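# Observations on the model geometry
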Amino acid sequence: GTQKVEEEVRKLFPDVAVARMDVDTTTAKDAHEKILGDFRSGKTRVLVGTQMIAKGLDFPNVTLVGVVAADLSLHVPDYRSVERTFQLITQVAGRAGRADAPGKVIVQTYDPDHYGIQLAAKQDYRAFYFKEETIRRRGLYPPFTVLARLLVSSKQPEIAQKTAEQLETQLNRLLDDHPAWRADTIQMRALEAPLNRLRGEARWQVFIKMYARPTADEAIAEMEQLERQ
């Protein structure tokens, strides 16, 4: 993605020095320092990169920042996706206008009315916190609950599945032996991992969601013992 953006920028601004900062361009020794040094000095006028250029960098001469395809992280199937998108946009927006010159931020999105995009554009941390808190409380997501999983991987899919199902049986026995744990458990089951294959291995998981109470800590400690067995 960053390579394609770099190509388009070079076509639009053929007389402007452009650099790209991502995993591919920073493998060589001191590559980070050279890319950032050229940008800081003005030798490079446009810097294209991944999220690594959004955090912790201070360039007083930067007055324009663009976020390309902000929705990529917004719609990831993870309860933290909106928080991460909000964080990314607010962080990268902070790179523009750091000195006396005013800054401008342009966010590309297919969902401009989404509260995460709207509140990030306004830099309204307080409103975002209360909106996200309400959603997580109603949906029983952290910090109101605790999520944990035992992850099983094997080159043989049937072994991964069977092992996960055996762990589910063991965890059910533990919950039956501890009524307080069972009462605080919202959900527990063995199922395929969201990323069900990695490096040629099938992946299954035993997933558990519990209310954020001391019982959850006790149950998860026992899950860690199961993982070591």
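Okay, so let's go over this structure. What you see as residue numbers is a count from 1 along each chain, following the sequence as written. Residue-level local features of this predicted model are given only where pLDDT is at least 70; pairs of side-chain atoms are given and counted only at 80 or more, and the full residue set underlies all totals for whole chains, interfaces and linings. Neither water nor hydrogens contribute to the side-chain values; these are computed over all heavy atoms in the structure.

## Here we look at the overall build of the chain
A run of DSSP states H or I qualifies as a helix once it reaches four residues; a run of E qualifies as a strand once it reaches two. Both are numbered from the N-terminal end. Helix and strand counts for the chain stand at nine helices and seven strands. When we talk radius of gyration, it's over C-alpha atoms, and the globule rule is simply 2.2 Å times the number of residues to the 0.38. Taking 17 Å as the expected radius of gyration for a compact globule of 229 residues, we find that the chain reaches 23 Å, considerably beyond that expectation. The buried label applies to any residue whose accessible area, calculated with a 1.4 Å probe on protein chains only, is under 20% of its type's maximum; exposed applies above 50%, and partly exposed to all values in between. Looking at the chain as a whole, 36% of its 229 residues qualify as buried. The contacts of the chain with a sequence gap of at least 6 include a subset with a gap of at least 24, amounting to 64%. Total accessible area on the chain stands at roughly 14,300 Å², and carbon and sulfur atoms take up 52% of it. By the counting rule applied here, Lys and Arg register as positive and Asp and Glu as negative, while His and the ends of each chain are not counted. By convention, charge coordinates are those of NZ in Lys, CZ in Arg, CG in Asp, or CD in Glu. Each charge class in the chain was averaged separately, 33 positive and 32 negative side chains, and the resulting centres sit 3 Å apart. Here a residue-residue contact requires only that any non-hydrogen atoms of the pair lie within 4.5 Å. Under the convention used here, a 1.4 Å probe and the Shrake-Rupley method define accessible areas, while residue burial counts only the protein chains that appear.

## Here we look at the layout of surface pockets
As a volume, the largest pocket reaches approximately 1,400 Å³. Along the walls of the largest pocket sit 40 residues, with L47, V65, G66, V67 and V68 positioned nearest its centre. Looking at the lining of the largest pocket, the elements with two or more residues in it are helix 1 (2–12), strand 2 (46–49), strand 3 (64–67), helix 3 (71–74) and helix 4 (81–93). Take the lining of the largest pocket: its biggest share by element is five residues, from helix 1. Among the residues forming the lining of the largest pocket, the class breakdown is 25 nonpolar, 12 polar and three charged. The element contributing the most residues to the lining of the second largest pocket is strand 6 (residues 185–198), with five residues. Following the grouping adopted for this structure description, the nonpolar residues are Ala, Val, Leu, Ile, Met, Phe, Trp, Tyr, Cys and Pro, the charged ones are Asp, Glu, Lys and Arg, and the polar ones are all others, Gly among them. A class-by-class count of the residues in the lining of the second largest pocket yields 11 nonpolar, two polar and six charged. Any residue with an atom within 4 Å of a point lines the site, the site being either a cavity, points on a 1 Å grid over the protein atoms alone where a 1.4 Å probe fits but cannot get out, or a pocket, an open set with protein on both sides within 12 Å along at least 5 of 7 lines. Grid points are joined across faces, edges and corners, and a volume is the space filled by probe spheres set on the points.

## Structural notes on the pairing of strand 6
A regular strand places its side chains so that they alternate between the two faces of the sheet. Paired strands are those between which DSSP finds at least two bridges. Bridge count for strand 6 against strand 7 (residues 201–211) is nine bridges, and the pairing is antiparallel. The partner of E192 across the bridge, within strand 7, is W204. Remark: two residues form the turn of the hairpin made by strand 6 and strand 7, two consecutive strands paired antiparallel; R199 in that turn has positive phi of roughly 50°.

## Quick notes on the sheet that holds strand 6
The three strands are arranged 5-7-6 in an open sheet whose pairing can be described as antiparallel. Across the chains shown, the open sheet's two edge strands, defined by having one partner strand only, are strand 5 (145–154) and strand 6. The average undirected angle you get between the axes of adjacent strands in this sheet is 20°. Each axis is a line fitted through C-alpha atoms, and for a helix only the stretch in contact is used; angles between axes span 0 to 180 degrees, taken between their N-to-C directions.

## What about helix 6 (residues 125–139)?
In this analysis, the expected span of each helix is defined as 1.5 Å times one less than the number of residues it contains. Taking 1.5 Å of rise per residue, 15 residues should cover 21 Å, and helix 6 covers 21 Å from first to last C-alpha, within 8% of that figure. When we look at burial in helix 6, the residues that qualify are F128, E132 and R136. Relative to the axis of helix 6, the buried residues are bounded by an arc of 55° and lie together on one face. Every exposed residue of helix 6 that faces more than 90 degrees away from the buried side is listed here: R126 and R138. Buried residues in helix 6 make contact with helix 4 and helix 5 (115–122). Directly after helix 6, the chain includes L140, whose backbone phi takes a positive value near 55°. The arc in question is the one spanned by the directions pointing from the helix axis to the C-beta atoms.

## Thoughts on unusual backbone geometry
Each neighbour pair has its own omega, and for P142 with P143 the value is 15°, a cis peptide bond. When you line up the elements, P143 lands in the loop between helix 6 and strand 5. A positive phi angle, close to 65°, is found at D30, a residue other than glycine. Residue position: D30 is located in the loop between strand 1 (18–21) and helix 2 (31–41). For A69, which is not glycine, the phi dihedral falls at a positive 55°. Relative to the elements of secondary structure, A69 occurs in the loop between strand 3 and helix 3.

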